[in-house]
Amino acid sequence: MNNFWREYKEPVFSLAPMEDVTDTVFREIVMGMTTPGKLHVVFTEFTSVEGMNHPVGRERVSERLIVNDSERELLQKLNIKLVAQIWGRNPEIYHNIAKYISKNYQFDGIDINMGCPVKKVFKIGACSALIGEPELAKEIVLATKEGTQLPVSVKTRTGIKQHQTEEWISNLLEVNPAAIILHGRTQRQQSEGNANWEEIAKAVQLKNEKKPEIPLHGNGDIFSYKQGLQRMEETGVNGIMVGRGIFQNPWFFMPEKTEISKEERIHKLIAHTKLFEKTWSPEKNFNILKRFYKIYLNSFEGAAKLRADLMNVKNYDEVYSYFT
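An account of the accompanying structure is given in this report. Being a predicted model, the structure only gives us computed values, none of them experimental. (Residues numbered from 1 in each chain as written. Predicted model: local features only at pLDDT ≥ 70, side-chain atom pairs only at ≥ 80, totals over all residues. Heavy atoms only, no water.)

### With respect to helix α8 (residues 165-173)
Reasoning step 1: Most of α8 sits out of view: 7 of its 9 residues are buried.
Reasoning step 2: Three or more residues of α8 are buried, namely T165, W168, I169, S170, N171, L172 and L173.
Reasoning step 3: Tucked into the core, α8 has its buried residues touching β4 (109-114), α7 (134-146), β5 (152-159), β6 (180-186), α9 (197-210) and β7 (216-219). (Buried < 20%, exposed > 50% of the residue type's maximum accessible area, 1.4 Å probe, protein only. Helix = DSSP H or I, 4+ residues; strand = E, 2+ residues; numbered from the N terminus. Contact = heavy atoms within 4.5 Å.)

The following block contains the structure:
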């Protein structure tokens, strides 16, 4: 197995998997605004193994694994790895789907979601709920690894109701994941309060004692590239994963660019809309795009009015004609 996670020498940055956000279109847009060498790994949206395992469900769920040719070109040009993120709670199904994905797709790795805090997912015992079932969690990692030659990483949190970082990370280290990505919040916190980087530092220390060869990346409240480097320095993590920070600044991975003009922002918004239409129309709802419009239209005079106007448009053509 070629574990790319261990090969990096420079500071490693990744873009977090986010529901209804990190599809092939958004990943391509972000990579198009990336300085070479500043972004190393991107992820798909969360893909249900149960859905993928179902002959009818597969068609709908596998949309999450679509990679446009234009994205593929950028991945190769910038040497960025693409990881499929999967979730569920049945080890056998994980095994089947790891095998299926490895055979039918061109991903560089598989990541197991043991961090999503959303209540309806937690209730069925998946994602962050697995922190409370360490034996099952380990079984899932082992079953997934058996189904694939790809490196299998785990994205998780520090606990359920309170931090149980050391106990939980010790458990995960026993099954040798290719990497661990740790979000510094509990399930109960959702995305409230501050991410606790002291807990992440504890996990790094523990990992360095037990399995120093396993990379551990930190995630939570990183709003600039510089801040990410600072966190690496303070905690000793091997890398930084960026989630909501990309909403504050889609040019996150081009840190030398400090001023972004209104024209550039609008140009990018239109490019994003066109690529989304080309990729997803008519399958996906046009309104999904509106969450992205908010991230482009800020920091200039008149931005609030533009945002408000665009919240009322009903289709692609209305967006294009608005700006012509």
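### Topic: the packing of aromatic side chains
Reasoning step 1: Within this structure, the stated rule accounts for 10 aromatic pairs.
Reasoning step 2: When the centroid spacing of 6.4 Å and the interplanar angle of 40° are considered together, the rings of W5 and F43 count as tilted. Of this pair, W5 sits in the segment before β1 (12-15) while F43 sits in strand β2 (residues 41-48), and the two are 38 residues apart along the sequence.
Reasoning step 3: With relative accessibility at 0%, the residue F43 sits in the buried group.
Reasoning step 4: Taken together, a centroid distance of 4.1 Å and an interplanar angle of 20° make the contact between F13 and Y225 stacked. (Phe/Tyr/Trp six-rings, centres within 6.5 Å; stacked < 30°, edge-to-face > 60°.)

### Examining the state of the cysteines
Reasoning step 1: In total, this model carries 0 disulfides according to the counting rule given.
Reasoning step 2: Distance from the sulfur of C116, which forms no disulfide, to the nearest cysteine sulfur (C127) is 4.9 Å.
Reasoning step 3: The exposure class of C127 is buried, given its relative accessible area of 1%. (Disulfide = S-S within 2.5 Å.)

### With respect to the environment of K81
Reasoning step 1: Looking at where K81 falls in the secondary structure, it is placed in strand β3 (residues 81-87).
Reasoning step 2: A relative accessible area of 22% means that K81 is categorised as partly exposed.
Reasoning step 3: Taking the C-alpha atoms as reference points, K81 and V67, separated by 14 residues in sequence, lie 12 Å from one another.
Reasoning step 4: Residues contacting K81, with those up to four places away along its chain left out, are F4, Y8, H40, V41, V42 and D108.

### Description of the sheet that holds β1
Reasoning step 1: The 8 strands are arranged β1-β2-β3-β4-β5-β6-β7-β8 in a closed barrel whose pairing can be described as parallel. Direction aside, the axes of adjacent strands within the sheet are offset by 30° on average.
Reasoning step 2: Examined bridge by bridge, β4 and β5 share 5 bridges and lie parallel to one another. Of the residues in β5, the one forming a bridge with I110 is V152.
Reasoning step 3: Set on the sheet, α9 makes contact with β5, β6, β7 and β8 (239-242); between it and β7 the angle comes to about 175°. (Pairing = 2+ DSSP bridges. Axes fitted to C-alpha atoms, helices over the stretch in contact; angles between N-to-C directions.)

### Notes on the nonpolar core
Reasoning step 1: Residues W5, M114, I169, L216, F253 and Y296 are the most contacted members of the largest nonpolar core, which totals 110 residues.
Reasoning step 2: Looking at this core, the element that brings in the most residues is helix α12 (residues 262-280), giving 6 residues.
Reasoning step 3: Discounting chain neighbours no more than four positions away, the residues touching Y296 are F26, I29, M33, P250, W251, R265, K268, L269 and H272. (Core = buried A, V, L, I, M, F, W, Y, C linked by side-chain atoms within 4.5 Å.)

Keep in mind that these numbers describe shape and distance, not what the molecule does.
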